[in-house]
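Structural description and commentary
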Protein chains: 2
Amino acid sequence: MIGKQLFLTSPAVIAGALVDGRENYLTLGGCGGLSLTPPLLYITLNKSHYTNSGIKENGYFSVNLPSTDMTVKTDYVGLVSGRDTDKSAVFTSFYGDIKKAPMIEECTVNILCKIYKTIDLPHNEVFIGEVEETYVNADCLDSKVPDMKKINPMILAAGKYWGLGDIVGVAFKDGRALIKN
Amino acid sequence: MIGKQLFLTSPAVIAGALVDGRENYLTLGGCGGLSLTPPLLYITLNKSHYTNSGIKENGYFSVNLPSTDMTVKTDYVGLVSGRDTDKSAVFTSFYGDIKKAPMIEECTVNILCKIYKTIDLPHNEVFIGEVEETYVNADCLDSKVPDMKKINPMILAAGKYWGLGDIVGVAFKDGRALIKN
C-alpha cells in the first residue's frame, strides 16, 4: 500500500472560457466522460481558479485537446493565472455557432459544453457539461473518421506529459475469445 | 464540426465490487480524478449493469489498472454481464484492510474507494469514491516511487486499447520558459 493516492492517467486538456469578456485558458488533467446519452463530460477546477467565475457567468466552457508538439504553451497556461496574466493571445481563439466560450485553433479537437450540473466539493468545483459542438481538425480525419494517431493527444500521468503509444487491442472484440459457446 | 461527440482519451480500468457476496469485475473507460483533497475519483456505469447494486450495497468499489498484456481478459469482463456469467475467477482477487470490495492481483495498480456521493444521470450512475487504500505492485516501484512505464497502463480511445507512449514534457515546469520576469 502506498497511501491514499489517485494513481490514474488522464487526458491533458485545456479548458477555455470567457472571463470578464476575455478569452482565458487553463490546462488540467481532471476531465473525463460521464455519459454518452446525453453526451456529458466533466472538468474539475480548484475553487481558487480565475476561470470558474467565467464558466458560471456564461454557462459554457470548452475542452481543447493539445497535441504533443504543444507542451510548452499547454504547460504555461496551467502555470499562470488569468487574474494576473492576459492569456488570451497565447493561442488563436475561434468560436463555433454558440459564441459562449472560445476554442483553440491549434488544438486538434475542440468540444464546446453547456453546463448541465455543478458538483460542489470541499476544494473543487466539478462542472458537468453537455457536449454541444465537437470540432476535429480536417488534417486529423481519415475519410471523415477522426484518426487518433493524427489527433496525437497528450496524456497526463505522474507529473509528466506523455504521447499515446501503440494500439494493443480492440474494445468489445478481443474478449470474445474467452466467451464459451 | 463532427456533431456532439465526447472525443477524449480515458484510462482503461476494471471496476471491482462484491455483488451478492461474489467478486465481480467490469471494464470501463469512464473514470477520472475529481479532487486531491480529499482524494476523490469517479466511475460511471450504465444503470443496466449488474455491478451497481453491489457497489451500493457495500458502499465500496475498487479501481484496478490492467497493463497492456491483459487486453483479452480486460475486454472479456467488459463484454459479459455478471448477471449471466460468474466472473469471479477470471482474475486472482485480493482484499486490503477494508474487506468491502475485491481487487485484482494481476493489475499493477489497485485503488479501493468508499462511496462519497452518487450522481444520478438519465442513463448512468456516477459513483464518486474517496480513495481509502492504494496498492502498486512492488515490481513497478523505483526506489519506492511508482514508475509509470513499469505500471504500463492501458488507455481507451476511439474503441481501441493503447499503451502509453513516450514522455513529451514535464508538467508545471516546461511552461516556465514563457513566463516573463
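Let me begin by describing the structure that accompanies this report. Predicted model, so just to flag it, every value in this text is computed and none were measured. (Residues numbered from 1 in each chain as written. Chains lettered and ligands numbered in written order. Predicted model: local features only at pLDDT ≥ 70, side-chain atom pairs only at ≥ 80, totals over all residues.)

Turning our eyes to something else, we now look at the overall build of chain A. Helix and strand counts for chain A come out as three helices and 14 strands. Counting only C-alpha atoms and orienting by the principal axes, one finds that chain A spans roughly 60 × 45 × 35 Å. For chain A, the residues scored as buried account for 54% of the 181 residues in total. Summarising the internal contacts of chain A: among those between residues at least 6 apart in sequence, 63% fall at separations of at least 24. (Helix = DSSP H or I, 4+ residues; strand = E, 2+ residues; numbered from the N terminus. Buried ≥ 20, exposed ≤ 12 C-beta atoms within 10 Å, placed from the backbone. Contact = placed C-beta atoms within 7 Å.)

Glancing now at the relation of the copies chain A and chain B. Superposing chain A onto chain B takes a rotation of 180° combined with a translation of 0.0 Å along the rotation axis, leaving an RMSD of 0.0 Å. With respect to symmetry, the two chain copies, as superposed, fit the operation of a two-fold axis. Within chain A, the C-alpha atom positioned nearest to the axis of rotation is that of Gly165(A), 1.8 Å from it. The fraction of interface residues of chain A whose copies in chain B are also interface residues reaches 99%, indicating that both copies meet through the same surface. (Least-squares fit on C-alpha atoms with pLDDT ≥ 70 in both.)

All names here are of chain A. Across the sheet, which stays open at both edges, the seven strands sit in the order β3-β2-β6-β9-β10-β5-β4 with antiparallel pairing between neighbours. Only two strands of the sheet have a single partner each, and these edge strands are β3 (22-28) and β4 (31-35). Between one strand axis and the next, the sheet turns through 35° on average, direction left out of account. In the sheet, strand β6 (residues 60-65) pairs with strand β9 (residues 109-120) via six bridges, with the strands oriented antiparallel. Across the sheet, residue Asn64 finds its bridge partner in β9, namely Asn110. Where helix α1 (residues 51-58) meets the sheet, its contacts fall on β2 (13-19), β3, β5 (40-46), β6, β9 and β10 (124-136), and the angle it forms with β2 comes to roughly 65°. (Pairing = 2+ DSSP bridges. Axes fitted to C-alpha atoms, helices over the stretch in contact; angles between N-to-C directions.)

Here the focus is the interface of chain A and chain B. Taken residue by residue, the interface counts 78 residues in chain A and 77 residues in chain B. Of all the elements in the fold, those that place two or more residues in the side of chain A that touches chain B are β1 (10-11), β4, β5, α2 (71-79), β9, β10, β13 (155-157) and β14 (160-170) of chain A. Per-element tally for the side of chain A that touches chain B: the top contributor is β14(A), with eleven residues. Grouping the constituent residues of the side of chain A that touches chain B by class yields 45 nonpolar, 23 polar and ten charged. Across seven bridges, the pairing between β14(A) and strand β14 (residues 160-170) of chain B is antiparallel. Bridging from a neighbouring strand, Lys160(A) pairs with Val170(B) of β14(B). (Nonpolar A, V, L, I, M, F, W, Y, C, P; charged D, E, K, R; others polar.)

A few words now on α2(A). Of all nine residues in α2(A), seven are buried, a share of seventy percent or more. Within the sequence span of α2(A), burial applies to Thr71(A), Lys73(A), Thr74(A), Asp75(A), Tyr76(A), Val77(A) and Gly78(A).

In this section: the pairing of β9(A). In the case of a regular strand, side chains alternate between the two sheet surfaces. Residue and element names in this part refer to chain A. When β9 meets β10, the two strands line up antiparallel, connected through eleven bridges. In the strand pairing of β10, Asn110 is matched with Tyr135. The antiparallel hairpin formed by β9 and β10 contains three residues in its connecting segment.

The subject of this paragraph is unusual backbone geometry. In this structure, the amide linkage connecting Thr37(A) to the following residue, Pro38(A), adopts the cis form with an omega of -5°. Structurally, the position occupied by Pro38(A) is in the loop between β4 and β5. Even without being a glycine, Asn152(B) presents a positive backbone phi close to 55°. You can see Asn152(B) is positioned in the loop between α3 (148-151) and β13 (155-157). Located in the positive-phi region is Phe172(B), a residue other than glycine, with phi close to 60°. Exposure remark for Phe172(B): the 11 C-beta atoms within 10 Å place this residue in the exposed category.

Here we come to the sheet that holds strand β4 (residues 31-35) of chain B. All names here are of chain B. Across the sheet, which stays open at both edges, the seven strands sit in the order β3-β2-β6-β9-β10-β5-β4 with antiparallel pairing between neighbours. The open sheet has two free edges, formed respectively by β3 (22-28) and β4, since each of these has just one partner strand. Here the average twist between neighbouring strands, direction ignored, is 35°. Sheet topology places strand β2 (residues 13-19) next to β3; seven bridges connect them, and they run antiparallel. Within β3, the residue paired with Val13 across the bridge is Leu28. Its contacts with the sheet place helix α1 (residues 51-58) against β2, β3, β5 (40-46), β6 (60-65), β9 (109-120) and β10 (124-136), and it is angled at close to 65° to β2. Across the sheet, helix α2 (residues 71-79) touches β2 and β3, and the angle it forms with β3 is around 100°.

It is worth spelling out α1(A) at this point. Residue and element names in this part refer to chain A. Every buried residue of α1 is accounted for by Thr51, Asn52, Gly54 and Ile55. End-on, the buried residues of α1 take up no more than an arc of 165°, which puts them together on one face. On the buried face of α1, the contacting elements are β2, β3, β5, β6, β9 and β10. Following α1 by one or two positions, Gly59 adopts a phi angle in the positive range, close to 75°. (Arc of directions from axis to C-beta.)

As a further point, take the nonpolar core. Among the nonpolar cores identified, the biggest contains 108 residues, and Ala15(A), Leu41(A) and Leu41(B) are the most heavily contacted of them. Once residues within four sequence positions are removed from consideration, Leu41(B) is found in contact with Leu6(A), Leu8(A), Cys31(B), Gly32(B), Gly33(B), Leu34(B), Val63(B), Cys113(B), Gly129(B) and Val131(B). (Core = buried A, V, L, I, M, F, W, Y, C linked by C-beta atoms within 7 Å.)

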